[in-house]
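Remarks on the overall topology
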Amino acid sequence: MPYSLTCQTPRTVKVRAAVRSAARVGIPIVIVGLTSLGCGAAGDAGRVEPVYDAASGTLQLLKYDANGDGTIDTWSYMDGARVVRIELDPDQNNVIDRWEYYGPDQTIEKVGTSRAGDNTPDSWAFFDGTGAITKLELSTHRNGTVDRVEYYEGGARVRAEEDTNADGRIDKWESYEGSRLASVAFDTRQRGTPDRRVIYAQDGTVRLEEIP
Amino acid sequence: MLCSHLAGSSVRLRRFSLQQDSAPTENTDIEVIMRYLAGIVSAAVVWVSFAPHLAAQVLPVTGASAMPQAVIGTTVLNPSQAHISGRVVTPGGDPIANTVVRARNLLNGQIGGSTATASAGQFALSVNPGSYLLEVVDAGGQIVGTSSFISAAAGTAITAATVTASTGVFSTVTTTAGLVSMLGSTAARSVTYAAAAAGVAGVVMPAEMITASPSR
């Protein structure tokens, strides 16, 4: 346990239970900010609602009123001390707008969105250390199965792969130059690699390539 | 029917031969012949009219004549062509009206058919049999969406070819740009900070939020 602080609050029993529970499974507990903000600062205390597992005392969910208007708009799903996923509804229309997924090192792994805005995530963006998007996974059938992956460099899409017939294998490849579609290739023989490519030149001409 | 006519004609002709031996008049013979010829012609016409229907009912159809005849609504398609229909939508599933959809032949690179989408994003076009790629083209002539590989056989109707226009012209890139801009203030940071401030146990702050050295 590299660093910890404790604070006497009405939740002392639950807190201690949660800490003991987390310690038993080897989760490092780090609670900071208490000193600087004061223990259980009234402004935040009313805006955060923890949910603990009744049996183990493990923290499962943090409900948070991010904008302080009295309505919960952020749900942070926890595995004890670890943030697993956070769902946000900033416009408070009861539809989640953004899903954040966190890795074991507590850095954000991907951000999900619902392209149809219907509470079902169907696209997941991945970012590099600078915050630039590197990959976008899409479930075009909106069934949770990723069937299209777009790759980005410098914020621009450079290529994409797609499983168009839902057989679990990539059968369509796209490449981009800037915002322009540069080529589309297909695996029409179901061998796992492209066998036919359409190349779009910048001058508008089109060339076909048969790939042996 | 034809057989009975022919048989009848044969019988009458035989009778005519016999009558000829017994000195028939020339005019009567010609009239009889003409009458029987007319009967044969009539029978042939009737046979030609009904034979295909009868054959279709009793004979298996093979080869080119087995070509299926697709029907879309009340329109019977040209059996020598293929019919491709579908919708063009945004990444969010909203229809895109009045945008060009064209079918590019994957054997010769030529445009095999082109049309514009209707109000609900739907389109339909007829093409010669072959392999095609549908291209969605915006007002500036840029391809903003492509379909999967389509193999269109003669006389067939291919439906549900939904093409998603997926470039920045519509909404995808705008969405991802929004995500990038939001990444600097992840929810974990605000939630865990507030949770810690509220005295909630078991909260790990994001690394960049740790303000004290672990060695202290």
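What you see is a predicted model; the values in this text were computed from it and never measured. (Residues numbered from 1 in each chain as written. Chains lettered and ligands numbered in written order. Predicted model: local features only at pLDDT ≥ 70, side-chain atom pairs only at ≥ 80, totals over all residues.)

The next point concerns the environment of B:A124. Residue and element names in this part refer to chain B. Mapping A124 onto the fold places it in strand β6 (residues 122-127). A count of 18 C-beta atoms within 10 Å places A124 in the partly exposed class. In this structure, the C-alpha to C-alpha distance between A124 and V101, residues 23 residues apart in sequence, is 9.0 Å. Excluding its chain neighbours within four sequence positions, the residues that come into contact with A124 are H83, S85 and T115. (Helix = DSSP H or I, 4+ residues; strand = E, 2+ residues; numbered from the N terminus. Buried ≥ 20, exposed ≤ 12 C-beta atoms within 10 Å, placed from the backbone. Contact = placed C-beta atoms within 7 Å.)

Here we come to the nonpolar core. Among the nonpolar cores identified, the biggest contains 31 residues, and A:V48, A:L62, A:I86, B:A188, B:V191, B:A194 and B:A195 are the most heavily contacted of them. Of all the secondary structure elements, the ones that give two or more residues to this core are β1 (48-52), β2 (59-64), β3 (74-79), β4 (82-88), β6 (108-113), β7 (123-127) and β8 (133-138) of chain A together with α4 (187-197) of chain B. Top contributing element to this core by residue count: α4(B), with eight residues. Setting aside residues up to four positions removed in sequence, A:V48 forms contacts with A:L62, A:Y64, B:A194, B:A195, B:A198 and B:V200. Core analysis: the second largest hydrophobic core is formed by 27 residues, B:I96, B:V127, B:Y132 and B:I143 among them. (Core = buried A, V, L, I, M, F, W, Y, C linked by C-beta atoms within 7 Å.)

Residue and element names in this part refer to chain B. Across five bridges, strand β4 (residues 100-105) lies against strand β5 (residues 111-116) in antiparallel orientation. Looking at the pairing, V101 lines up with T115 of β5. The turn linking β4 back onto β5 is made up of five residues, and G109 within it adopts a positive phi angle of 80 degrees. Where β4 and strand β7 (residues 130-137) come together, six bridges link them in antiparallel fashion. Of the residues in β7, the one forming a bridge with V100 is V137. (Pairing = 2+ DSSP bridges.)

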